[in-house]
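# Structural overview
Each chain is listed here by its residues.
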Amino acid sequence: MGTYVDGRTSQNASIANSIAIPILVIDTPQLFGQIGLITEGVGSNPRVLLKGTISLQLPLALVGVTITIVRGTEATDPVVYSATSTFSLSILAPQVITFSADDFNPPITPQLTYTAFVSANLLGTIRVGPESFDGILVSD
């Protein structure tokens, strides 16, 4: 097991249906979480463990939702994790998407920043909460 170095949480919405943020541009990443991990004192074999959740109200149509995690602050930064879920036409209730990702041996800078984005391939997708993104940095 590793030695704990740093952990952070980005909690945008804690309660179901507590926000209503529409995704207004098709297939364009929208930030929903960001954390910075301090690397002072990190040992060998650093790894970052990331997890999160986001809830979405979907339009009554076949829709694909993509979660992307990058090391950095821009959607064009190095991708650590990306997954697309496709939902059927019959889903009426908000959908909760959870994810878990790892970044092994990231380049060590004074702070590692990770950003979580969501995108949809159809208008009418609304972020309704909860939304959470967190991570820890561990090393040997």
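Residues numbered from 1 in each chain as written. Predicted model: local features only at pLDDT ≥ 70, side-chain atom pairs only at ≥ 80, totals over all residues. Heavy atoms only, no water.

By secondary structure assignment, the location of Thr53 is in strand β4 (residues 47-57). Owing to a relative accessible area of 17%, Thr53 belongs among the buried residues under this scheme. Here Ile97 takes part through its backbone oxygen, which lies 3.3 Å from a polar atom of the side chain of Thr53. For Thr53, the residues in contact, after removing those within four places along its chain, are Phe32, Val96, Ile97, Thr98, Phe99, Pro130, Glu131 and Ser132. (Helix = DSSP H or I, 4+ residues; strand = E, 2+ residues; numbered from the N terminus. Buried < 20%, exposed > 50% of the residue type's maximum accessible area, 1.4 Å probe, protein only. Polar contact = N/O pair within 3.5 Å; in protein donor to acceptor, adjacent residues only side chain to side chain. Contact = heavy atoms within 4.5 Å.)

For the rest of this paragraph, the subject is the pattern of salt bridges. Enumeration over the complete set of coordinates arrives at five salt bridges. Across the pair Arg8 and Asp6 runs a salt bridge whose closest N-O atoms are separated by 3.2 Å. Residue Asp6 is classed as buried on the basis of its relative accessible area, which comes to 7%. As a salt-bridge pair, Asp103 and Arg71 come within 2.8 Å of each other at their nearest N and O atoms. Within this pair, whereas Asp103 is found in strand β7 (residues 95-104), its partner Arg71 is found in strand β5 (residues 63-71), the two being separated by 32 residues in sequence. The exposure class of Asp103 is buried, given its relative accessible area of 6%. (Salt bridge = Lys/Arg side-chain N within 4 Å of Asp/Glu carboxyl O.)

Any functional reading would require information beyond the geometric quantities listed.
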